[in-house]
Amino acid sequence: MVKADKKENDEILLESIQYLEKKGFENIKADLEGYETPKSYNKKGSDVSITPDIVAERAGIKHYFEVSLKSEKPSLLKSKWRFLDVLTRMKNHRFKIITRRGHYKFTNEMLADLNLEKNLIKL
């Protein structure tokens, strides 16, 4: 999610975290009250900051999760996903996308535009 969308969708973020806890993820960090905030990455030469929605660990492997909802700023979301995909491949981590009913088409179109092959986690 882009920062502008995060404030409105705290419930969806919390639901995603509960799902991940049930699946055995631990050391969960999220940009949500009551959780530690994940590390942010700043773009050099501008004030753009990228923070993953959720970061968790399972079996010693770090997983980055993005909650995909329809956005007013798809170009910002695309650049965030592209960056997280490159970062996770560089560090041998995992990058996954969580989406909900009503947002599948938007998410699939975004992934197609970025030429990313991801299996969506559908809540």
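Higher on the page you've got the structure.
So, how was this worked out
- Residues numbered from 1 in each chain as written.
- Predicted model: local features only at pLDDT ≥ 70, side-chain atom pairs only at ≥ 80, totals over all residues.
- Heavy atoms only, no water.
- Pairing = 2+ DSSP bridges.
- Helix = DSSP H or I, 4+ residues; strand = E, 2+ residues; numbered from the N terminus.
- Right-handed = clockwise from strand over helix to strand, strands pointing away.
- Contact = heavy atoms within 4.5 Å.
- Axes fitted to C-alpha atoms, helices over the stretch in contact; angles between N-to-C directions.
- Salt bridge = Lys/Arg side-chain N within 4 Å of Asp/Glu carboxyl O.
- Buried < 20%, exposed > 50% of the residue type's maximum accessible area, 1.4 Å probe, protein only.

Visitor: Where do I start with the pairing of strand 4 (residues 54–58) in this structure?
Guide: Consecutive side chains of a regular strand alternate in pointing toward one face of the sheet and then the other. Summarising the sheet, strand 1 (residues 26–30) and strand 4 pair through 3 bridges and their orientation is antiparallel. Each residue of the ladder has a partner; that of Lys29, found in strand 4, is Val55. Judged from the 5 bridges that link them, strand 4 and strand 5 (residues 61–68) form a sheet pairing that is antiparallel. The partner of Val55 across the bridge, within strand 5, is Tyr64.

Visitor: I'm lost on unusual backbone geometry in this one. Help?
Guide: Across residues other than glycine, the phi torsion is negative in most instances, and most of the peptide bonds are trans. Positioned with a positive phi, Asn92 is a non-glycine residue whose angle comes to about 60°. Secondary-structure assignment places Asn92 in the loop between helix 3 (74–91) and strand 6 (94–99). We note that Asn115 has phi near 55°; this positive angle belongs to a residue other than glycine. Looking at the element boundaries, Asn115 is found in the loop between helix 4 (104–114) and strand 7 (121–122).

Visitor: Teacher, can you tell me more about the pairing of strand 6 here?
Guide: In terms of strand pairing, strand 5 meets strand 6 through 6 bridges, oriented parallel. Pairing of Tyr64 across the sheet is with Phe95, part of strand 6. Crossover strand 5 to strand 6 through helix 3 is right-handed. When strand 6 meets strand 7, the two strands line up parallel, connected through 2 bridges. Paired with Thr99 across the two strands is Lys122, which belongs to strand 7. Of the crossover connections in this fold, the one passing from strand 6 over helix 4 to the parallel strand 7 is right-handed.

Visitor: What is the right way to read the sheet that holds strand 1 from this model?
Guide: Within a sheet, each strand pairs with its neighbour through backbone hydrogen bonds, oriented either parallel or antiparallel. Spatially, the 5 strands line up as an open sheet ordered 1-4-5-6-7, and their pairing is mixed. Each edge of the open sheet is held by one strand with a lone partner, namely strand 1 and strand 7. Sitting on the sheet, helix 4 is in contact with strand 5, strand 6 and strand 7, with an inclination near 150° to strand 6.

Visitor: Just to check I follow, could you spell out the pattern of salt bridges for this structure?
Guide: As a working rule, side chains carrying opposite charge can pair if their charged atoms are close by. Considering all chains together, one arrives at 8 salt bridges under this definition. Between Lys118 and Asp85 there is a salt bridge; the shortest N-O distance is 3.3 Å. Separated by 33 residues along the polypeptide, Lys118 in the loop between helix 4 and strand 7 and Asp85 in helix 3 bring together distant segments of the chain. A relative accessible area of 22% places Lys118 in the partly exposed class. Judged by relative accessible area, Asp85 falls into the buried class, the value being 5%. For Glu109, the salt bridge identified is with Lys105, shortest N-O distance 3.9 Å. Highlighted residues: Glu109 and Lys105, both in helix 4, separated by 4 residues, approximately one helical turn.

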